[in-house]
Structure formats: structure tokens, C-alpha cells
Amino acid sequence: MPLLETCSEIAAEHFDISVTKVVPHARADRSPLPFEEIPGPAILKLWEKYWRYVPLLGTQLFCRLLINKLTQGRLFWNRNVTPIKYLFDEYGCVVRINGPLVNDIVMIHRPEHIAQVLEQESESPVRSGIDILQHYHLNHRKYRSAGAFSLQGSEWLEVKEKIDQPFNDTVWDYVEKLDAVCGEFINRIREICNRQDEVPATFHRDLTAWGMECFYVTMFNKHLGFLDSTSRSVDETTKVINALITAHTYMSRCETGFQVWRFFETPFVRRLFVACDTLNEIIGKYIRRAQNRLQAVTVPEQKKPAEEEKGLPLLERMLTRRVHADDISTLLMDMMILGVQAVVNCEAFLIYFLTKNPRAQKQLYDEIISVSPKISSTLTKENLKNMPYLRACMKESLRLRPAFPYLTRLLSSPITLHGYTIPKGTFVIMANQITSQREQLFEDSEKYRPERWLNQDEHAYNFYQAYSCLPFGYGARSCLGRNMAETQMMLLITRLVREFTIEYDYTDIQSRFLMVNVPNRPLRFRFVDRKMRK
């Protein structure tokens, strides 16, 4: 106690404590930080000088070896967005990866940052292509262009201008035929279900057959019989499905691993090219037939293009608009390998989410029978427009499992993101799937809630909400086949829910990345006939 008293006297007598204002440490200079200060995995800086010889990154994503190096083997690539999410959790909302090939990569996932990138893009924005398909078109087939998916600049705009309108018009002209294909798929389900009303583990192949039949109908006005085992064209249907599955598998393996095929032909590349040659041969056959058919038909000069194209399949509409045969061939190839697979897998996830949310399935059923009560009735364009909950169910599924979990751009001008200067020519990966599952943007973001898309309060969403869910991309480089994909998905799910109660009794289905999001488990759904249940 005496010691404390002494200290108190000393403090009072000998220390004059002045009161000063505390100024927080703030940077007076608010100029953007240099690009080199963006955080990222330091290990890649040691590898940078080797990347010009051994490209460790495809233009789309990281290879498995690289991810294991960064995460000490704790993560696997087929968990899809998990490795990228790990980098965001480790380094922040803007991550820099030191230079593959030429320029560095910057990864972002916040909607305000995505908005800055997309709003600064030019009239002809540049995105990543698929290197191996580009190599196939240019070097193996010796075509004049790399394909619609890989075209850039004025070449892309020229093709887009010619085919954009035909894409939108054709799908509405063929709604009834597409609905008939969905009816065939219903019959196919009844054929393959076992005594427990469950489809086999190979159901994904049947979905692929449905996707290809829709493709043939809209592109060639051809009903080939992918869903009919007794079809006269069974040889072609089997050949196409096998080639499509093989091409999709080996394209993913060539694109996301060590790209050794740049130096010599690998076994994976040979298998991919054989499958692509099969598809190319079939596409070429239909192009030649369409050219001969158009040459044999005399069209009066006074007819307008819209009248001339009415009723024509998409292939012939593109030919009438003077799209080069090589460009059509590469476009149809990309649509087969990427577009059909994207629609098929998005439909698979939509069915799955409805099985896991029976209340949503019941509400959708009620809406469907209110608009189209007769099972035998054909669905129309007006039917689809009068079912807002149907569209909400589809949008919510695409929010959780978009076909492509990433958007890419090559910056055409320097911008500032999160206080950092990003120079022109930087390759930006926008993790769209991570963005659309942020709790800050969507309440209960991991839950399937179609209601969130109905009666949206404009004041509840900020300016950047429009950039929080972009399953079909954005702007000039958005998906050409969006309208076609949405229509096919809505037609099939309407048919399925109207005729069946769909159930799923196994472990949860997640996604893995094979150039598009695909289910990681067999689709062993139960389709209980509503007639039988009544």
C-alpha cells in the first residue's frame, strides 16, 4: 500500500499528461495501389519464367496439379468452385495469379467488381476460348476460323449479327415439335423405369439423347429417333451419342491439365479428334443437303428475308444469310459439345432441386395444371409465358448450378478494382457461381427458393444485384442460344411435373467441372405416375 501511495504522488506531481487528439492512420494519398501489390499465391512467382515453355493453365481454369500445390493436396478439382473459393478466402476479394503465357490473371467475385469489368468492355469484348477446340478447327480441320465460341473482335460481331435473330425466331417456330420430343422422353421414362418407378443409373445418357433430338429438330428439322430404340437411324444416333460423350470427356481432360498436346499429339487428343471427326462428318452431311435443297428452290426476289426464312430450320436460315459453311460447321460442333451438354446438365440439376423441395414441386404442378390442365394438350409459347413460377424455378436452379461457373474477359482498357490498378490486357476470371451464392446478396443463399425471383421489391436490391447472377453471360458475348436453352428446359420440366411426382432417395448430388457443371452422381430419380397415384 505505501508503494502504491508513492506512485500516486509521483504521477500527480511530476507528470503533466496533455490531452491530444488521436488521428487514425489513414492514407492521405487515395491514388490506386500498383498492380504488383494485389495479393496472390507467392509460389507462382517462382514458376513464372517457366510458363512460356510449359503452360500450366488452360484459358479456362486451373489444372489439378497447380491446385494441389496451392492447397497442399487438401482439395480436388472436381469439387468445382472450391479451389477458387479457397483462394478468395486466403487472399481476399481480388486475387492475382502471376502470368500464364503472357499476362497475369486476376480473379474476382464481388458483383460491384464484376460490374466494373463488364461495363468498361468495348463493342467487341474478348473472352477466353477453348484452346483444344480452336486447335482442332484451325490445325486439324484447316478451317478458316477458330469457331464461334473462340472468335473475337469484328469476326465475332459479323457472325453474331447474322445468326442472332435466326436463333431467337427458330425456337418459337419449333415449340410444338420440341414439345413432341419432350412427349417422347416421357414415353422413354416409362420404358426404362423399374418396378420401383426408378430410372437406371444411365439416365444421364437418356437426357443427352433428349438434348440431341431437340438439337436435330431445330437445326435440321430432322426427327432422327434418339429416344426410340426401334428407330431406323439407330446407327447414327448411337454414333452421335458416343462421339458426343467421348468428345466432352476428353476435351475437358485436354483443356484443364498440362497442355502437352501443344508440343505433340497425346492419346487424349487422338481420342478427342476421332470423336470430333465423327461429329464433323455428320454435320457436313446435313450442310451439303441443306445447300442442295436451297439451290433447288427458287425464291421470288420480292420476298423479305423474314418471309423467306419462315418455317426453315436454323441451318438453312444461316445459309440464306450467307454464313460461310466453315463457320456453320464450327458453330454446330461447339453447340453439340458445349451447348447440348450445358442444357442437359442444367435440366438434370433442375429436376434434382425439385425432388429435394417437394413444396416447390407441388406449387409448380398447381401452376402448370392451371395453365394447361389436359395432359394430352400441346404446350405453346403462350403457356410458357403465363407460368412465372416455372421461370422462377429455372432461374433459381441456374443460380445454384449455372452451366458455366466462370465468366472471362480480357481487359480492353485499364480499370481500378478495390483500390488496385488493373492494366489493359489483363485476363480476368469472374467467379459467377460464387457470386450468386453470397449470403450478402441472397438470403439463405444455399437453399433452393424460387420465390425469391417473384414480386421482387426494386428497393430491396442495389445497383449491382443485376450482376450477382449471370448464368448466360453478359452483353455482346452472352450465350447465343439462351432463348433456345430456356425454352427446351421449361418444356421438359413442365411435361415431367405434369405427368409425374419426381423423387430422389439417395445422397445429395453436387457438381463437378467438365467444362460445364455436371452432376457428380448417377441421376437415379423416381418418376411416380400421377395417374397411378390417384
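Residues numbered from 1 in each chain as written. Predicted model: local features only at pLDDT ≥ 70, side-chain atom pairs only at ≥ 80, totals over all residues. Heavy atoms only, no water.

## Section: the pairing of strand β10 (residues 526-529)
Basically, it comes down to this: Whether a residue is buried, partly exposed or exposed follows from its accessible area with a 1.4 Å probe, protein chains only, as a fraction of its type maximum: under 20%, in between, or over 50%, in that order. In this description a helix means any DSSP run of H or I spanning at least four residues, a strand means any run of E spanning at least two, and both kinds are numbered starting from the N terminus. A pair of strands counts as paired when DSSP detects no fewer than two bridges linking them.
What you see with β10 is no split at all: Arg526 and Val528 on one side and Phe527 and Asp529 on the other are buried throughout. For strand β7 (residues 500-503) and β10, the ladder comprises 4 bridges, and the chain directions are antiparallel. Paired with Ile502 across the bridge in β10 is Phe527.

## Comments concerning empty space enclosed by the protein
Short version of the rule: A 1.4 Å probe that fits into a set of points on a 1 Å grid over the protein atoms alone but cannot get out defines a cavity; an open set with protein on both sides within 12 Å along at least five of seven lines defines a pocket, and lining residues are those with an atom within 4 Å of a point. Grid points are joined across faces, edges and corners, and a volume is the space filled by probe spheres set on the points.
Taken as a whole, this structure holds 3 cavities of 30 Å³ or more when the rule is applied. Considered as a void within the structure, the largest cavity measures approximately 890 Å³ in volume. Along the walls of the largest cavity sit 45 residues, with Phe149, Gly339, Phe404, Cys479 and Leu480 positioned nearest its centre. Only α7 (153-173), α9 (203-220), α14 (325-356), β3 (407-410) and α19 (482-499) provide two or more residues apiece to the lining of the largest cavity. In terms of residue count, the dominant contributor to the lining of the largest cavity is α14 (9 residues).

## Some thoughts on the UniProt feature "binding site: heme" (unreviewed entry) in the chain
Where we set the bar: UniProt positions are given in the numbering used here, feature names are shortened, and annotations may be inferred rather than shown by experiment.
According to UniProt, the "binding site: heme" (unreviewed entry) feature falls on Cys479. If you trace the backbone, Cys479 turns up in the loop between α18 (432-435) and α19.

## Let's talk about α9
What counts here: Here the expected length of a helix is defined as 1.5 Å per residue gap, with one fewer gap than residues.
Compared with the 26 Å implied by 1.5 Å per residue over 18 residues, the 25 Å span of α9 between its first and last C-alpha is a close match. At the C-terminal side of α9, Asn221 shows a positive phi close to 55°.

## Concerning the pattern of salt bridges
The test is simple: Note on definitions: salt bridges are taken to be side-chain nitrogens of Lys or Arg within 4 Å of carboxyl oxygens of Asp or Glu.
This structure, assessed with the given rule, holds 27 salt bridges. Note that Glu499 and Arg190 form a salt bridge whose closest N and O atoms lie 2.8 Å from each other. Here Glu499, found in helix α19, pairs with Arg190, found in helix α8 (residues 175-192); they are 309 residues apart in sequence, far enough to count as distant. Classification of Glu499 by relative accessible area gives buried; the value is 7%.

## Some thoughts on a nonpolar patch on the surface
Operational definition: In this analysis, a patch consists of residues with relative accessible area above 30% that form no salt bridge, clustered at 9 Å for like charges and at 5 Å for the nonpolar side chains Val, Leu, Ile, Met, Phe, Trp and Tyr. Reported accessibility uses the Shrake-Rupley method at a 1.4 Å probe radius. Residues are deemed covered only where the shown protein chains occlude them.
Taken together, the side chains of Val260, Phe263 and Phe264 make up a nonpolar region of the molecular surface, amounting to roughly 300 Å² of accessible area. Inspection of the secondary structure puts Phe263 in the loop between α10 (234-256) and α11 (267-296).

## A closer look at the environment of Thr278
Stated formally: In this description, contact between two residues means that some pair of their heavy atoms is separated by no more than 4.5 Å.
By secondary structure assignment, the location of Thr278 is in helix α11. The buried category is assigned to Thr278, whose relative accessible area is 17%. Put simply, Thr278 and Ala247 are 31 residues apart on the chain and 9.8 Å apart in space, counted from C-alpha to C-alpha. Among all residues touching Thr278, those that are not within four sequence positions of it are Lys239 and Ala243.

## Here's the deal with the packing of α14 against α19
In plain terms, the rule: For helices, the fitted line uses only the C-alpha atoms of the stretch in contact; every axis is such a line through C-alpha atoms, and the angle between N-to-C directions lies from 0 to 180 degrees. Take the far helix as the reference: if the near one is turned anticlockwise from it by less than a right angle, the crossing is left-handed, and if turned clockwise, right-handed.
Two elements in contact, α14 and α19, have axes separated by 10 Å at closest approach and are oriented at 35°. Crossing handedness for the pair α14 and α19: right-handed. Of α19, the residues touching α14 (which contributes Val343, Cys346, Glu347, Leu350, Ile351 and Leu354) are Ala485, Gln488, Met489, Leu492, Ile493, Leu496 and Val497.

## Quick look at the state of the cysteines
For clarity, the cut-off: A pair of sulfur atoms, both from cysteines and within 2.5 Å, is called a disulfide here.
As enumerated under the stated definition, the model contains 0 disulfides in all. Left without a disulfide partner, Cys276 is nearest to the cysteine sulfur of Cys254, which lies 9.4 Å away. Among the residues examined, Cys276 registers a relative accessible area of 1% and is labelled buried.

## A look at unusual backbone geometry
Here Asn221, not a glycine, exhibits a phi torsion of approximately 55°, which is positive. In this fold, Asn221 is placed in the loop between α9 and α10. In this structure, Arg322 is a non-glycine residue whose phi angle is positive, near 65°. If you trace the backbone, Arg322 turns up in the loop between α13 (314-320) and α14.

## A word on the sheet that holds strand β6 (residues 427-430)
Across the sheet, 4 strands lie side by side as β1-β2-β6-β3; this open sheet has mixed pairing. Across the chains shown, the open sheet's two edge strands, defined by having one partner strand only, are β1 (94-97) and β3. Averaged over neighbouring strand pairs, the angle between their axes works out to 20° when direction is ignored. The sheet contact formed by strand β2 (residues 105-108) and β6 spans 4 bridges and is parallel. Counterpart to Ile108 in the pairing with β6 is Met430. Its contacts with the sheet place helix α5 (residues 111-119) against β1, β2, β3 and β6, and it is angled at close to 135° to β6.

## Remarks on the nonpolar core
Spelled out, the test is: By nonpolar core is meant a set of buried Ala, Val, Leu, Ile, Met, Phe, Trp, Tyr and Cys residues that side-chain atoms within 4.5 Å join together.
Ranked by size, the top nonpolar core spans 120 residues in total, and within it Tyr216 and Leu496 carry the most contacts. Sorting elements by how many residues they give to this core places α14 first, with 20 residues. In contact with Tyr216, other than residues within four places in its own chain, are Asn221, Lys222, Leu224, Phe226, Glu236, Val240, Ile282, Tyr286 and Met336. Residues Phe35, Ala115, Leu407 and Val428 belong to the second largest nonpolar core, which totals 20 residues.

## A word on the packing of aromatic side chains
Stated formally: Centre distance within 6.5 Å is the pairing criterion for rings of Phe, Tyr and Trp, where only the six-membered ring of Trp is used; planes under 30 degrees apart are then read as stacked, over 60 as edge-to-face, and the remainder as tilted. For a Lys NZ or an Arg CZ to count as sitting over a ring, it must be within 6 Å of the ring centre and within 35 degrees of the ring normal.
In the structure shown here, the tally under the stated rule is 22 aromatic pairs. Between the aromatic rings of Tyr352 and Tyr504, the centroid separation amounts to 5.7 Å while the plane-to-plane angle is 85°, which identifies the pairing as edge-to-face. Of the two residues, Tyr352 sits in helix α14 while Tyr504 sits in the loop between β7 and β8 (511-513), which places them 152 residues apart along the sequence. A connected cluster of aromatic rings, assembled from ring pairs, spans Phe185, Phe203, Trp210, Tyr352, Phe353, Tyr448, Phe500, Tyr504, Tyr506, Phe525 and Phe527. Sitting over the face of the ring of Phe442, Arg399 holds its NZ or CZ atom 4.9 Å from the ring centroid. Just above the ring of Phe349 sits the side chain of Arg401; from NZ or CZ to the centre is 5.8 Å.

## Thoughts on the environment of Ala485
Within the secondary structure, Ala485 is located in helix α19. You can call Ala485 buried: its relative accessible area is 9%. Through-space distance from the C-alpha of Ala485 to that of Glu347 is 9.6 Å; in sequence the pair is 138 residues apart. Residues contacting Ala485, with those up to four places away along its chain left out, are Val343 and Phe472.

## Digging into the side chain of His113
Positionally, His113 belongs in helix α5. Not counting the four nearest positions on each side in its chain, His113 is found in contact with Cys93, Val94, Ile108, Leu417 and His418.

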